[in-house]
Amino acid sequence: MATAACALDTAARTLACRDGAAAARLKVTSIFVIFFTSVIGILSPVLLARFFQGKPAYDKATLLIKCFAAGVILSTSLVHVLPDAFAALSDCHVASLHPWRDFPFAGLVTLIGALVALLVDVTATAHAGVHGGGEVAEYKPVGTKEETTKKRAESRMELGELGVAERVESGAATTEEEEENLVRMKQRLVSQVLEIGIIFHSVIIGVTMGMSQNQCTIRPLVAALAFHQIFEGMGLGGCIAQARFSFGTTAYMCFMFAVTTPMGIVLGMILFSATGYDDSSTNALIMEGLLGSFSSGILIYMALVDLIALDFFHNKMMTSVSWLKKASFIALVLGSTSMSILALWA
C-alpha cells in the first residue's frame, strides 16, 4: 500500500515535467556548456602555476590554491555526493525492499571507499618506495646496508680534501633533495587518486542527467553543474599544478576531467534510447546510491588526509611564514563555502 501511494505521488509530481524532446535539447546544450566550464576550471590553476613558476610567490600561491581545492573537494563529498547517495538509497522504491531497508548501506559503502583509498595510497607509496623510477617516483632507492656503507666510505674519500663546512653543506643538500622528491611523489599520487574519485562522481552525474527525461530537473542542473565543474576543476587543477607533472601527463589529466561528465551525459542518452531505462527505477537508484557512496568515501579521505592534514601539519611553509596558515585556512573555508552554496541548485 505504501509503495503504491509513493509511486502515485511521484508520478503526479513528474508527469507535467516529462518532455523527451525538450529534455534532449537541454542535454545537448549541457554537453558543450559543461565541457567548456570544465576546461576553464581545471586549466586556470595549471596555467597560472606555469606562468608564475620560479617567482618568489609561486609556492605560497600554489599552497593557497590547493587549500581552496581541499575545501571544494571536501564540500563536494559531504554536501553534494553523500546526501545524494543517501537520498537514492532511502527512496521509497528502494527503502521498502530487503535488504536495503534493514541496513544503512550508503554509510557502509562510504566507509569502504575511504578504506580502499587508504589501501591504494599505502600500497602505491610502498611500491614506489621499493621500486622507484617512473612518473610517480623519481627518487633513487636507498639500497642495502652494505651498499649504503660502501657509498658512505667512497663519499668520505671523495670529500677528504674538503673542509667541514663543505661536507655539511653537501650532506644537507642531498637530504633536502631526497625529501623534495618524496614530497613530489606524494603530491603526484594524491592527484592521480583524487582524479579517480572525481571521475567516479562525474560519471554518475552525467549518466543520471543523460537518462533523465524531466526538463524541470535538467534546466537548473545545467547552470549549477557549470559552476560545479569550475570549482571542482580548480580543486583538481591546483593539485596537478603543485605536483608538477610533465606536459603530456598534465594535458591528459585535464582532458579526462573535462570530458568525463559530457561523456557520461552521452552515455546516459544512449542507454535511455536503447533500453528506455527509467532513471527513477529501483535498480538505477541502487546503482546511483552505491557508486555515489563509494566516490564520496574516496573524496573524503583524499580531502582530509592527503590535502588538509598534509599541508596544515606537514608543510614547512606553514610554520616558517606566520600569516600563511591563516590565509590557507581562509582559502579552505572559501572553497568549502562556494561549493556548499551550489547545493541550493544542484
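It should be emphasised that the depicted structure is a prediction, and the values quoted were computed from it without experimental measurement. (Residues numbered from 1 in each chain as written. Predicted model: local features only at pLDDT ≥ 70, side-chain atom pairs only at ≥ 80, totals over all residues. Heavy atoms only, no water.)

Secondary structure assignment for the chain yields 12 helices and zero strands. In the chain, the order of α-helices and β-strands from amino to carboxyl end is α-α-α-α-α-α-α-α-α-α-α-α. Within the chain, buried positions represent 41% of all 346 residues. Intrachain contacts of the chain at a sequence separation of at least 6 include 87% that bridge at least 24 residues. (Helix = DSSP H or I, 4+ residues; strand = E, 2+ residues; numbered from the N terminus. Buried < 20%, exposed > 50% of the residue type's maximum accessible area, 1.4 Å probe, protein only. Contact = heavy atoms within 4.5 Å.)

Here Glu-195 lies in helix α7 (residues 164-211). Look at Glu-195 and you get buried, because its relative accessible area is 6%. Other than its neighbours up to four places away in sequence, Glu-195 contacts Leu-236, Met-253, Met-256 and Phe-257.

Attention now goes to helix α10 (residues 282-314). Over its 33 residues, α10 extends 45 Å from the first C-alpha to the last, a length consistent with the 48 Å expected when each residue adds 1.5 Å. Roughly 35° is the biggest bend found in α10, and it falls at Ile-308. (Expected span 1.5 Å × (residues − 1). Bend = angle between axes of the 7 residues up to and from the residue.)

All right, on to the side chain of Ser-338 then. Mapped onto the secondary structure, Ser-338 falls in helix α12 (residues 322-341). For Ser-338, a relative accessible area of 17% translates into the label buried. Side-chain polar atoms of Ser-338 contact the backbone oxygen of Gly-335, separated by 2.9 Å. Beyond its immediate sequence surroundings of up to four residues, Ser-338 is in contact with Phe-68, Val-72 and Phe-231. (Polar contact = N/O pair within 3.5 Å; in protein donor to acceptor, adjacent residues only side chain to side chain.)

This part is about the packing of helix α3 (residues 58-89) against α10. As a packed pair, α3 and α10 sit with axes 8 Å apart at the nearest point and diverge in direction by 155°. By the angle class used here, α3 and α10 are roughly antiparallel. As α3 packs across α10, the resulting crossing turns out to be left-handed. In terms of residue class, the contact of α3 with α10 is built from 22 nonpolar, seven polar and four charged. (Axes fitted to C-alpha atoms, helices over the stretch in contact; angles between N-to-C directions. Parallel < 35°, antiparallel > 145°, perpendicular 65-115°, else oblique. Left-handed = near helix turned anticlockwise from the far one by under 90°. Nonpolar A, V, L, I, M, F, W, Y, C, P; charged D, E, K, R; others polar.)

Working note: α-helix, 3.6 residues per turn, so residues spaced by three or four point in the same direction. The terminal C-alpha atoms of helix α2 (residues 20-52), which comprises 33 residues, lie 48 Å apart, in line with the 48 Å expected from a rise of 1.5 Å per residue. When the local axis directions of α2 are compared, the greatest deviation, roughly 35°, occurs at Leu-43, which is followed within four positions by the proline Pro-45.

This paragraph deals with the UniProt feature "transmembrane region" (unreviewed entry) in the chain. In this structure's numbering, the residues bearing the UniProt feature "transmembrane region" (unreviewed entry) are residues 31-51, 63-83, 103-120, 193-212, 218-240, 252-274, 294-315 and 327-345. Secondary structure across residues 31-51 divides into 100% helix and 0% strand, with the first and last C-alpha atoms of the span separated by 30 Å. As annotated, residues 63-83 comprises 100% helix and 0% strand, and the C-alpha atoms at either end are separated by 29 Å. (UniProt positions renumbered as here; feature names shortened; annotations may be inferred.)

Turning our attention to the nonpolar core. One finds Leu-194, Leu-236, Ile-240, Met-302 and Leu-307 to be the most contacted residues of the largest nonpolar core, which totals 40 residues. Those elements that place two or more of their residues in this core are α2, α3, α7, α8 (215-243), α9 (247-275), α10 and α12. Excluding its chain neighbours within four sequence positions, the residues that come into contact with Leu-236 are Ile-42, Ser-191, Leu-194, Glu-195, Ile-198 and Phe-257. The next biggest cluster of nonpolar side chains, apart from the first, holds 10 residues, and it includes Ile-205, Met-209, Val-222 and Ile-265. (Core = buried A, V, L, I, M, F, W, Y, C linked by side-chain atoms within 4.5 Å.)

We now examine the confidence of the model for the chain. Chain-level statistics for the chain give a pLDDT mean of 75 and a share of 74% at 70 or above. At the low end of the mean pLDDT range in the chain sits helix α6 (residues 145-158), at 52; at the high end sits α12, at 88. Here residues 132-145 is modelled with pLDDT under 50, and outside its nearest four sequence neighbours on either side it reaches 24 contacts, counting other chains as well. (pLDDT = per-residue confidence, 0-100.)

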